[in-house]
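# Report on the structure
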Amino acid sequence: MCGIVGYVGGRGATDVLLGGLKRLEYRGYDSAGLALVEGQKLHILKGTGKVRDLEQSVYAQWDAGFRDGARMGIAHTRWATHGSPTAENAHPHTDQTGHLAMVHNGIIENYVALRTQLKAKGHMFASQTDSEVLIHLIGELYKGNLFEAVSAALKHVEGTYGIAVVSANEPDQMVVARKGSPLVIGLGENETIVASDVSAIIAHTRQVIFLDDDDVAVLTAQGADIRNLHNIPVSREVAQVDWDVGAAEKGGFEHFMLKEIFEQPEALENTLRGRLDEAMGTAILSGLSLSPRELAGIRRLVIVACGTSLNAGMVGKYYFEELADLPTEVEQAAEYRYRNPIIQPDDMVIAISQSGETADTLAAVREAKQRGALVVGLCNVVGSTIARETGRGVYLHAGPEIGVASTKAFTCQLAVLLMMALKIGRCRRLSRQRGSEICEEIRQIPALVRSVLKRNDEIIAVAGEYAKVRDFFFLGRGCMYPVALEGALKLKEISYIHAEGYHAAELKHGPIALLDDQVPVMALMNDLAGREKMVSNVQECRARNAPVVGVITEGDDSAAQHVNGVIHVPRCSRLTAPIPTVVALQLFAYHVARIRGCPIDQPRNLAKSVTVE
Ligand code: F6R
């Protein structure tokens, strides 16, 4: 996720900005840059790579007098979303006059339309980013007052932003604004700092203001004048932050994993943003670069992935078969090239990978391409190897995932797979009306996840009862079966409890032999189609004295009678149910691991990106 730092005050801005960017490095980024205003001059330096590379360039290219003399500046670490990670796409971006500069977090959804309008007025663009379009629009409207130009421009913008803008003509003040992307203002003595999170601020001051959506503020060394888009002053509370730096990076959460679990409503909103077309009952996934005719012509799907992404692919199989009538095979990527994978002319291969760097998935992509398959990527990291080699696909926009155990990437993968199935289904036999209903169901996903997160305390209580066990079974049916696999994977990787995910019906073909009063079972009983059969499977477990925790739909009290412990999930459609369900299982695994004192963000023997076979 991109990071912003801005400074205006009585000392040299350069060191504050570089120090702030270093504090934001944990968020993940691929390029960095800064702009300094000195006198009436604007100086910009940016490039791909690390903040220390930027720092070296600053020291090599800018003399000490200038470095120390500049009293105002903005800086940015970019995590690519629109356009690959290159120096041109790095922030800050400037307007057409070169006198205004801006750093931006978020996504300008209508940037294509805005760019077309601006091009017609003679604007030339140096990057592929949505952000550059916004600063050009601000420049177009600038008549000597930066606040007015920013407010006017933001009225034309659809999407999300956290921005900091400077003008060489107004060297003592910067303008910041937020909608959807967080911004915090730090109030120091004779200096004001702005950043995307407090970790970049607390070395300088602990007095902060968290901006709200639609706030626009003028920052000077003396403080912040906050208004709304219509120039009406708004008052915001000044808070005192007591977090240490480590806690600040994690947004006050104990671990990145917990932060990322709680980030899921926002991550999912980013994944869905601008991609649902209720009127046509379909999804807009332009990165697929396939016409409706080409999508209608697909005869078979093959999904290749590893680990959590593989589990997402297994849920995807249900989606593609149900909504698009497409035979779908899900393959462990590691096996793919060691068989004779049959590729027929109308097959499409989907490679799912959060990192876009997993060696086995990449090798499967290369094998499939060599055999002439149409291959699409479903990645989180923009510009990653799999994203580049597939050349077409859908980005998750989940933001960087830092905790080793994948959480928000999984739920965003499911949301994308559901949208892909909807889109392909609409090119085949799915009616517009059914498509619109599914769009409406998909729109509810962030709210469903929020409602599970509200049950954190209930899940902590259940986790407390089972934190000492050595083994655990996770059972599900239908598309809850891969969710059971994912729940077991989460538990084993971070708590070191031996956990097995099984199809509930497979249990009696062998593993039931392991059940006794020391081996609990997590039964996913909230898939309404398979509910009665799950109740029977639960009874089989109880008959072997295994304690059973039921994941049940809110209000399904009769299911609760069959189990020893309950985790509630909200009532929702069959298609969306895997997402809130897995969030409950992520929280369960997290709290068990925490109670056991495990190193949750870096579990033993695991790496975030597996780039070897
Ligand atoms: C588990 C986990 C791994 C990854 C797997 C694939 O929590 O994170 O199982 O899912 O290594 O990684 P990507 O999706 O980056 O290809």
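Residues numbered from 1 in each chain as written. Predicted model: local features only at pLDDT ≥ 70, side-chain atom pairs only at ≥ 80, totals over all residues. Heavy atoms only, no water.

## Overview of the domain arrangement of the chain
Selection criterion: Segmentation of the chain into domains, including their bounds, is taken from an automatic or database domain assignment. When checking whether two residues touch, look at their non-hydrogen atoms; a contact exists if any pair is within 4.5 Å. For any pair of parts, buried area is found by adding up, for both, the accessible area (1.4 Å probe) each one loses once the two are put together. Any Lys or Arg side-chain nitrogen found within 4 Å of a carboxyl oxygen on Asp or Glu counts as a salt bridge. Think of a polar contact as two N or O atoms within 3.5 Å of one another; within protein, one of them needs to be a possible hydrogen donor and the other a possible acceptor, and neighboring residues in sequence only count if both atoms come from side chains. Under the scheme applied here, ten amino acids are nonpolar (Ala, Val, Leu, Ile, Met, Phe, Trp, Tyr, Cys and Pro), four are charged (Asp, Glu, Lys and Arg), and all others, including Gly, are polar.
Assigned domains of the chain: these are domain 1 (3-248), domain 2 (250-443) and domain 3 (453-597). On a C-alpha basis, the centroid separation for the pair domain 1 and domain 2 is 33 Å. Taken together, the contact pairs 17 residues of domain 1 with 16 residues of domain 2. The junction of domain 1 with domain 2 conceals about 1,300 Å² of combined surface from both sides, 64% of it contributed by carbon and sulfur atoms. In terms of surface lost to domain 2, no three residues of domain 1 exceed Tyr 26, Trp 79 and Glu 109, which account for 39% of the buried area on that side. At the surface where domain 1 touches domain 2, the tally comes to one salt bridge. Linking domain 1 with domain 2 are one residue pair in polar contact (both at pLDDT 80 or more). When its residues are assigned to classes, the side of domain 1 that touches domain 2 shows eight nonpolar, seven polar and two charged.

## Quick notes on the sheet that holds strand E12 (residues 215-220)
Basically, it comes down to this: A pair of strands is treated as paired once DSSP finds two or more bridges between them. Strands here are runs of E lasting at least two residues and helices are runs of H or I lasting at least four, both read from the DSSP assignment and numbered beginning at the N terminus. Note on definitions: angles span 0 to 180 degrees between N-to-C directions of axes, and those axes are lines fitted to C-alpha atoms, for helices only across the stretch in contact.
Pairing is antiparallel in the open sheet, where six strands are placed in the order E5-E6-E7-E8-E12-E13. Sheet topology places strand E5 (93-94) and strand E13 (223-228) at the edges, where each strand pairs with a single neighbour. Relative to strand E6 (residues 100-105), helix H5 (residues 130-141) is tilted by about 140 degrees, and along the sheet it contacts E5, E6 and strand E7 (161-167). Where helix H6 (residues 146-154) meets the sheet, its contacts fall on E6, E7, strand E8 (174-179), E12 and E13, and the angle it forms with E7 comes to roughly 150 degrees.

## So, the nonpolar core
For clarity, the cut-off: Grouping buried Ala, Val, Leu, Ile, Met, Phe, Trp, Tyr and Cys residues that are joined through side-chain atoms within 4.5 Å yields what is termed a nonpolar core. Burial classes: relative accessible area under 20% of the type maximum marks a residue as buried, over 50% as exposed, and values in between as partly exposed (1.4 Å probe, protein chains only).
Membership of the largest hydrophobic core comes to 92 residues, with the highest contact counts inside it found for Ile 350, Met 420, Phe 472, Phe 474, Met 522 and Phe 588. Counting residues per element, this core draws most heavily on helix H15 (residues 408-426), which supplies 13 residues. Setting aside chain neighbours within four positions, we find Phe 474 in contact with Ala 484, Gly 487, Ala 488, Leu 491, Ala 499, Glu 500, Gly 501, Tyr 502, Met 522, Leu 585 and Phe 588. Grouped together as the second largest cluster of nonpolar side chains are 29 residues, Val 16, Leu 17, Leu 24 and Ile 202 included.

## Some points on the site of the ligand
Note the following rule: If a single non-hydrogen atom of a residue is within 4 Å of a molecule or strand, that residue counts as near it. All accessibility values rest on the Shrake-Rupley procedure with a 1.4 Å probe; residue burial counts only the protein chains present in the view.
Contacts to the ligand come from 14 residues, most closely from Ser 309, Ser 353, Ser 355, Thr 358 and Glu 493. One nitrogen or oxygen atom from the side chain of Thr 358 is found 2.4 Å from an oxygen atom belonging to the ligand. Computed on the free molecule, the ligand has an accessible area of 400 Å², of which 89% lies beneath the protein chains in the complex. Taken together, the elements giving at least two residues each to the shell around the ligand come down to helix H11 (307-324) and helix H19 (480-495). Among the elements that take part in the shell around the ligand, H11 stands out by supplying three residues, more than any other. Considered class by class, the residues forming the shell around the ligand number four nonpolar, eight polar and two charged.

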